[in-house]
Amino acid sequence: MTPDELGQAVLDAVRAAVADGALSDVPVPAKVVVERPKNREHGDYATNIALQLAKAVGKPPREVAAAIAERLRVSDGIAKVDVAGPGFLNITLTADSLGGVAKAIVEADETYGVGTVLAGQNLNLEFVSANPTGPVHIGAVRWAAVGDALARLLQAAGATVTREYYFNDAGSQIERFARTLREVANGRPVPEDGYSGEYIDEIATNVVAANPGLLELPTDEQTAIFHRDGVELMFAEIRSSLEGFGVHFDVYFNERELHDTHMLDAALKRLTDQGNTYEADGATWLRTTTFGDDKDRVIVRGTGEWTYFAADCAYYLNKRERGFDKAVIMPGADHHGYIGRLRAMVTCFGDNPDETLEILIGQLVNLLKDGEPLRMSKRAGNVVLLADLVEAIGADAARYALARYSSDQTIDLDLDLWSRQTNDNPVYYVQYAHARTRRIKANAETFGIGLDEFSAELLDQPADAALLTALSEFPRVVATAAEFRAPHRVAHYLESLAGVYHRWYDTKECRVTPQGDDEVSAGNRTRAWLNEATHVVLANGLRLLGVSAPERM
RNA sequence: GCCCCCGUAGCUCAGUGGAUAGAGCAGCCGCCUUCUAAGCGGUUGGUCGCUGGUUCGAUCCCAGCCGGGGGCACCA
């Protein structure tokens, strides 16, 4: 019996109690969620449904709980129902009923955990979107890890997800980047507002090599070529480093495309048609204050140039026209001030931002070196790159470390600590648990134990029940993490599951292979399924985070 | 000044209304002739920043305050 099925059984008991008058005719909830109690003495599962219904029923919670318990006890697969504390129902399943979960998980394999809570939603998930003026640095790497994990989660929850990277290849920072390349290539110092770093020299050298005679051209023509080829080389490097990190984007969208296809004009026209623009001080403004923004925003500057915000407007419209129900974007922590104007802009287009726009603001990653904060500045060349991070701690640890914290939390990443590769890093704990499932499987095979005989009622040890209930929780963890846009919940769940599994492994009564001269028992054979089910869940969970599930460690 | 995030064990963090607030690391005491000790058991350690409010019930929701971090361009 799965938690969902148990929830349904509890619901049936509530309905029965209402039907026969034990509970007054209260609105019965559509769904009852049972949870895995922290304390094993509280049964396999618990629910606070009686506490929730007590007020409407007009009876003390324990009395309501007793009425439900009485009707739940007679359900199939229920071993025990206790009323506890203020009115909790603590439920213990029969070994037979609970054990069936193991076989179901093994049979579901990679689809175990896949659900439908977000089915039918077509989402555009935009993340990273770092400017092509330098390599991917540590701040952006966080969003690569979190965004990719979130994309996997949303898909597991049934949504259709397009991963998108927005390249700002049309603004003044790109102009500075091009000028920097040109100056450096000509042996002159980096301009005051330019970019520094080894990559600048490399790219400048490569552009010159690819364009013989480049440095003989007039300055303007040089700049144009450095612009064109430099950005292209930077694009390529960013793309390949992200792919190397296991982060794949379905669409790399260039801001330039918005200009080239006149999307900005179309967006401006739409906004003007809606009556939300005006002219002032020689510029064209969007009246975002009407919809809650602090101040109105310029769309066309006095010089006649588009602002970056104008491109944002066009880009949003473009996403909608490509058929996405919702644009989900993950800007950096320093962009939270954009929420107001983006929501207002969406409203200016006539959409409801609560439905078509979702902005996931996360916090910074701070780097510590020798316990001292390391300030990062791309222009000063003082950056830690994706490649550096991977080299220091490995891609698995990096992805896990960056995805395991709530996005609301500022991360202090101590380079010394992480480069030591001690088991301060919980990814080892989880990966070790997975590797252990594979070794046990291999050992079992030498005893001729495969996945054949399965007798659920033999999974009768407390450690079996603890592992089974932990495994059964996975689908709801996935659904909840997807709904809350919180991949870190998966990581914490896996750590918890790994702990339960390690304890199960250490339980003599729960061995997969026989001890000493013992014969292979039905219990051994059945527990091979439980071991395999644990492998399935750990592997599926790690896959959601983009972390490998090693065969051995 | 305005806005966003954070404040929970020595450290890093989970926990978005319920039962004695959890985990990892660090510390201390134990456990390897039997499926990997990158593991397990035990133990030490917390006025959930403060003050009010809502509630049968608040770490969680609301208000104010105090700390820490980050943002507030006709830059991108």
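Since we're looking at a predicted model, the values are computed, not measured.

### Quick notes on the overall build of chain A
Item 1. A tally of regular secondary structure across chain A gives 21 helices and 14 strands.
Item 2. Overall size of chain A, expressed as C-alpha extent along the three principal axes, is 85 × 60 × 40 Å.
Item 3. In chain A, the share of contacts with a sequence separation of at least 24, taken over all contacts with a separation of at least 6, comes to 73%.
Item 4. Surface exposure of chain A reaches about 24400 Å², of which carbon and sulfur atoms provide 48%.
Item 5. Looking at charge distribution, chain A has the averaged site of its 55 positive side-chain charges lying 3 Å from that of its 80 negative ones.

### Structural notes on the sheet that holds strand 7 (residues 277–280)
Item 1. Spatially, the 3 strands line up as an open sheet ordered 7-8-9, and their pairing is antiparallel. In this open sheet, the two edge strands, each paired with only one partner strand, are strand 7 and strand 9 (297–300). Mean inter-strand twist for the sheet, computed between neighbouring axes without regard to direction, equals 45°.
Item 2. Here 3 bridges tie strand 8 (residues 283–286) to strand 9, and the two strands are oriented antiparallel to one another. What sits directly across from Leu-286, in strand 9, is Arg-297.

### A closer look at helix 14 (residues 386–393)
Item 1. Taken together, the buried positions of helix 14 are Leu-386, Leu-389 and Ile-393. Here the buried residues of helix 14 occupy an arc of 65° about the axis, which is enough to place them on one side.
Item 2. One or two steps after helix 14, the chain reaches Gly-394, where phi turns positive at roughly 90°.

### Considerations on the protein's contact with RNA strand B
Item 1. Around RNA strand B, a shell composed of 60 residues is seen, among which His-336, Tyr-338, Tyr-432, Arg-436 and Asn-443 lie nearest.
Item 2. Near the protein, within 4 Å, the atoms of RNA strand B are sugar or phosphate in 61% of cases.
Item 3. Between Asp-281 and RNA strand B, the recorded distance is 3.0 Å, taken from a backbone N or O atom to a base nitrogen.
Item 4. One of the side-chain N or O atoms of Gln-515 is found 2.7 Å from a base nitrogen in RNA strand B.
Item 5. Counting residues per element, the ones that place at least two in the surface near RNA strand B are helix 2 (49–57), strand 3 (88–93), helix 6 (172–185), strand 8, helix 17 (426–446) and helix 20 (488–505).

### A look at the side chain of Lys-319
Item 1. For Lys-319, the position within the fold is in helix 11 (residues 308–321).
Item 2. Not counting residues up to four positions away in its chain, the partners in contact with Lys-319 are Asn-124, Glu-126, Glu-164, Phe-324, Ala-327 and Ile-329.

### Here's the deal with the pattern of salt bridges
Item 1. Overall, the coordinates contain 31 salt bridges when judged by the stated rule.
Item 2. Put simply, Arg-485 and Glu-358 hold a salt bridge, and the shortest N to O gap is 2.5 Å. Here Arg-485 is found in the loop between helix 19 (474–483) and helix 20, whereas its partner Glu-358 is found in strand 11 (residues 357–359), with 127 residues between them in sequence. Across this residue pair, the class does not change: Arg-485 and Glu-358 are buried.
Item 3. The salt bridge involving Arg-525 is made with Asp-452; its shortest N-O contact spans 3.7 Å. With a gap of 73 residues between them, Arg-525 in helix 21 (residues 522–544) and Asp-452 in the loop between helix 17 and helix 18 (462–472) connect regions that are remote in the sequence.
Item 4. Judged by its relative accessible area of 19%, Arg-525 is buried.
Item 5. We classify Asp-452 as partly exposed; its relative accessible area is 44%.
Item 6. The structure contains a network of salt bridges with shared partners spanning Asp-148, Arg-152, Arg-163 and Arg-399.

### Regarding the side chain of Thr-513
Item 1. One can find Thr-513 in the loop between helix 20 and helix 21.
Item 2. Assessed through its relative accessible area of 14%, Thr-513 is described here as buried.
Item 3. Apart from the residues lying within four places of it in its own chain, the contact partners of Thr-513 are Asn-443, Ala-444, Phe-447, Ile-449 and Asn-524.

### Examining unusual backbone geometry
Item 1. Notably, Asp-109 is not glycine yet its phi reads approximately 50°, a positive angle.
Item 2. Along the polypeptide, Asp-109 turns up in the loop between helix 4 (95–108) and strand 4 (122–126).
Item 3. Taking relative accessible area as the criterion, Asp-109 reaches 37% and is therefore assigned partly exposed.
Item 4. Phi is positive for Arg-485, close to 55°, though the residue is something other than glycine.

Conventions adopted
Numbering of residues starts from 1 in every chain and runs along the sequence as written. Naming scheme: in the order in which they are written, chains are lettered from A and ligands are numbered from 1. Confidence filtering applies because this is a predicted model: local features only for residues at pLDDT of at least 70, side-chain atom pairs given and counted only at 80 or more, and all residues used for totals across whole chains, interfaces and linings. The basis for every side-chain value is the complete set of non-hydrogen atoms in the structure, without hydrogens or water. Helical segments are the DSSP runs of H or I of at least four residues, strand segments are the runs of E of at least two, and each set is numbered from the N terminus. Contacts are assigned to residue pairs with any non-hydrogen atoms lying within 4.5 Å of each other. Only the protein chains shown count as cover for residues, with accessible areas throughout obtained via the Shrake-Rupley method and a probe of 1.4 Å. His is not counted, nor are the chain ends; Lys and Arg add positive charge and Asp and Glu add negative charge. Taken as the charge location is NZ of Lys, CZ of Arg, CG of Asp or CD of Glu. Strand pairing requires that DSSP identify at least two bridges connecting the strands. All axes here are fitted lines through C-alpha atoms, helices being fitted over the stretch that makes contact, and every angle between N-to-C directions spans 0 to 180 degrees. Partly exposed residues are those whose accessible area sits between 20% and 50% of the maximum for their type, while under 20% is buried and over 50% is exposed, using a 1.4 Å probe and protein chains only. Directions drawn from the helix axis to the C-beta atoms are what define this arc. Residues are labelled near a given molecule or strand when at least one of their non-hydrogen atoms is within 4 Å of it. Within 3.5 Å is the distance limit for a polar contact, defined as a pair of N or O atoms, with the added protein rule that one can donate a hydrogen and the other accept it, and that residues adjacent in sequence qualify only through two side-chain atoms. Note on definitions: salt bridges are taken to be side-chain nitrogens of Lys or Arg within 4 Å of carboxyl oxygens of Asp or Glu.

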